[in-house]
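Working through the structure, step by step
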Amino acid sequence: MPSISIFEVIGPNMVGPSSSHTAGAVAIALLVKKMFNEPIQKAEFILYGSFAKTYKGHGTDRALLGGILGFETYDLRIKNSFQLADECGLEYSFRVDEKETEVHPNTVEIHVTGEQGGTMSVRGVSLGGGKVKIIRINGIDVDFTGEYSTLVIRHLDYPGMVAYIATSLSERNVNIAFMRLFREQKGATAYSVVESDEEIPQELLDKLREHPKVEDVMLIQV
Amino acid sequence: MDFISGSELLKLCEENHCRISEVMRQREASEFGADPEETISRMKEAYRIMKESCHKPLDEPVASIGGLIGGEAAKVRNRRRSGKSICGSMLSKAITYSLAVLEVNASMGLIVAAPTAGSSGVLPGLLLALEEEFSLDDEQIIDGLFTASAVGYLIMRNATVAGAQAGCQAEVGAASAMAAAAAAEIMGGTPKQCMDAASSAIVNLLGLVCDPVAGLVEYPCQSRNVLGASNALVCAEMALSGVEQFIPFDQTVDTMMMVGRSIPFELRETSLGGCAATEAACRKTCEIFKTK
C-alpha cells in the first residue's frame, strides 16, 4: 500500500464542491490533455455510475471540460469552463451511460479529436480524495495514476521492445520507479507504461519514436 | 521516521522529546524525500486558501450550485457583532467560519480538502477562530495543521475518510478529530492530550450518517461542519483540562470503521435515507432538477 503524504490529508487545494466528483474529474481530464500530442478540437465525455447520476450538482461537467482546457484542480476558471471552451472553439458533448453497470462508481470515458485529425479514447476513474487512475486507453486496459512522471508508449507487441525502452531510459540516466506492459493479444498493439520519480527528458521521446515498432509516445510530466 | 498507529506516534514523540507536528514533518522528509522548507511553504499556502475561504462569503455572498445554502455565515457573524451571541466570541467565530467555507465549496470556489471537500470547514473554522481570539501567529496555526495531518493520515490509513464507505462520522468525524488535536497542541497540550482530544472527538460523532439532500455537498453538510468544529473545541478543552480518554485513539479509529460498516447503504452518501429522504428534501430535490 503506498503511504499517505501530508498534502493528501490537507489537500488537494481545489475548486469545490467534491474531491471525487470535481477535483478528481479535473485531474482525469488534465491527464488526457497531457497525454494527447496535438491541440484538442473536440472532446466527448461519457459518464458512468455516480458520475452519470450526479454530475450536474457537483460541477463534474465543468470540471472535466476545465481539465481538457489545461486547468489544475485549484484553477477558479473551472467555474466558467463552458464559456471558455466556446471562446476558444473547443467542441464538447456529454453523454450518460447507465447501461454499463460493471464499472467503478466514478468513471468517465473521454474521446478526444485533435486539430490534425488524431483521436484517442481514455477511461479514468476517480478514487476519492482527488486521487485518480487511468484504466483504459483506446480499448486496452492499463493502470497508472499520473502521480509520477509517466511515459506511455504505444507499440506492437514484439520481442525486445521492453529492452529497447529500458536501454533508452538508462542511457539518459532516468531511474525507473515502475514499468509495466499491457496488451490484449500477442503481436498486436500494446502499451508500455514507465513511471519515474524524476523528470523525463523530452528528447527521449524522439529516440523512442525512431523504433519502427513504436506507434506513439506520450509523456505526463510531473 | 514513520508510524502507522497513534501509539507508535506517541512513542516517537516521547523518544525524540518533540511534538506531533514535528514528527509529522520529519516523516514527510524521511518517507517522501520532501524538502522541509517546501513542506512548510506548501502548508502556508494551504492555510492562506483556508483563511480566504473563511472570509470570502462574509463580504461577497454567492449562491450555491443547488441553491440549498448561502448567506448563513454572514447571519451568525452579524449576531455576534450585535453582541447577542449566546455562544461567546470564540465559538461564534468558529461557527461563522465553518459555515463560510462550505458556502465557498458549494459555489465552486477555492477550498482545501481537509480531509475531504465535504468536511473542509471544520479545521479552518476552528483554527482561524483560535488564532483571532488568542492573538496567535500563523506559524502556530501551521504547526497545528501538521498535527491535524498526522491524525488525518492515521484515520485514512487505518479506517477511511469516505462518506460513501463509513458515513459522515468518517468525514466530519475525521476532520473534528484532526481539529481537536490541532487545537490541543496549539494551546500547549502534550502529545497524549492531543490524541485524547482526537479520540473523544471521534467517540462523540460515532454513527453519524451521510445523507446529503439531492446528493449535493450542501445540506446538512454545512451545519455538520459546524458540529465538527464545536465538537473539536469542547474535546480540546476537556483534554487540556486533563480529562483522559480510557479508550486509546487507535481503538476509536477501528471502531469508527466497524460502525461505518454497519451503517446501512441508504445512509452512506446515496441520498436514499436520512435527511435526503424527508418529504421536504424530496420536494426540494424535484425543484432543483427541474430547473437544471
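Residues numbered from 1 in each chain as written. Chains lettered and ligands numbered in written order. Predicted model: local features only at pLDDT ≥ 70, side-chain atom pairs only at ≥ 80, totals over all residues.

By the naming in an unreviewed UniProt entry, chain B goes by L-serine dehydratase and is assigned to Lacrimispora celerecrescens. If you open the UniProt record of chain B and go to Pathway (unreviewed entry), you find "Carbohydrate biosynthesis; gluconeogenesis." Of chain B, the UniProt comment under Sequence similarities (unreviewed entry) reads exactly: "Belongs to the iron-sulfur dependent L-serine dehydratase family." (UniProt positions renumbered as here; feature names shortened; annotations may be inferred.)

**Description of the overall build of chain A**
The number of helices and strands found in chain A is seven helices and eleven strands. Radius of gyration (C-alpha) of chain A: 17 Å, near the 17 Å computed for a compact globule of 222 residues. Counting only C-alpha atoms and orienting by the principal axes, one finds that chain A spans roughly 50 × 40 × 35 Å. Considering chain A as a whole, with its 222 residues, one finds that 45% of them fall into the buried category. (Helix = DSSP H or I, 4+ residues; strand = E, 2+ residues; numbered from the N terminus. Rg over C-alpha atoms; globule rule 2.2 N^0.38 Å. Buried ≥ 20, exposed ≤ 12 C-beta atoms within 10 Å, placed from the backbone.)

**Structural notes on the nonpolar core**
Core analysis: the largest hydrophobic core is formed by 162 residues, its most contacted members being Leu126(B), Ala179(B), Ala180(B), Ala181(B), Ala183(B), Ala198(B) and Ala232(B). The element contributing the most residues to this core is helix α9 (residues 168–186) of chain B, with 14 residues. Here this core gathers at least three residues from each of two domains, domain 1 (6–138) and domain 2 (149–220) of chain A. When near neighbours in sequence (up to four residues on either side) are disregarded, Leu126(B) contacts Ala94(B), Ala179(B), Ala183(B), Ala229(B), Ala232(B) and Leu233(B). (Core = buried A, V, L, I, M, F, W, Y, C linked by C-beta atoms within 7 Å. Domains from an automatic or database assignment. Contact = placed C-beta atoms within 7 Å.)

**Quick notes on the interface of chain B and chain A**
Across the contact, 39 residues belong to chain B and 27 residues belong to chain A. For the side of chain B that touches chain A, the secondary structure elements donating two or more residues are α2 (20–32), α3 (36–59), α5 (88–106), β1 (110–112) and α7 (138–158) of chain B. For the side of chain B that touches chain A, the element with the most residues is α7(B), which contributes eight residues. Taken together, the residues of the side of chain B that touches chain A break down into 26 nonpolar, eight polar and five charged. Here three bridges tie strand β1 (residues 13–15) of chain A to β1(B), and the two strands are oriented antiparallel to one another. By the bridge assignment, Met14(A) is partnered in β1(B) with Ile111(B). (Nonpolar A, V, L, I, M, F, W, Y, C, P; charged D, E, K, R; others polar. Pairing = 2+ DSSP bridges.)

**Let's talk about α5(B)**
All names here are of chain B. End to end, α5 covers 27 Å across 19 residues, agreeing with the expected 27 Å (1.5 Å per residue, within 8%). The element α5 is extensively covered by neighbouring structure, given that 16 of its 19 residues are classed as buried. Taken from the residues just after α5, Met108 is the one with a positive phi, measuring 60°. (Expected span 1.5 Å × (residues − 1).)

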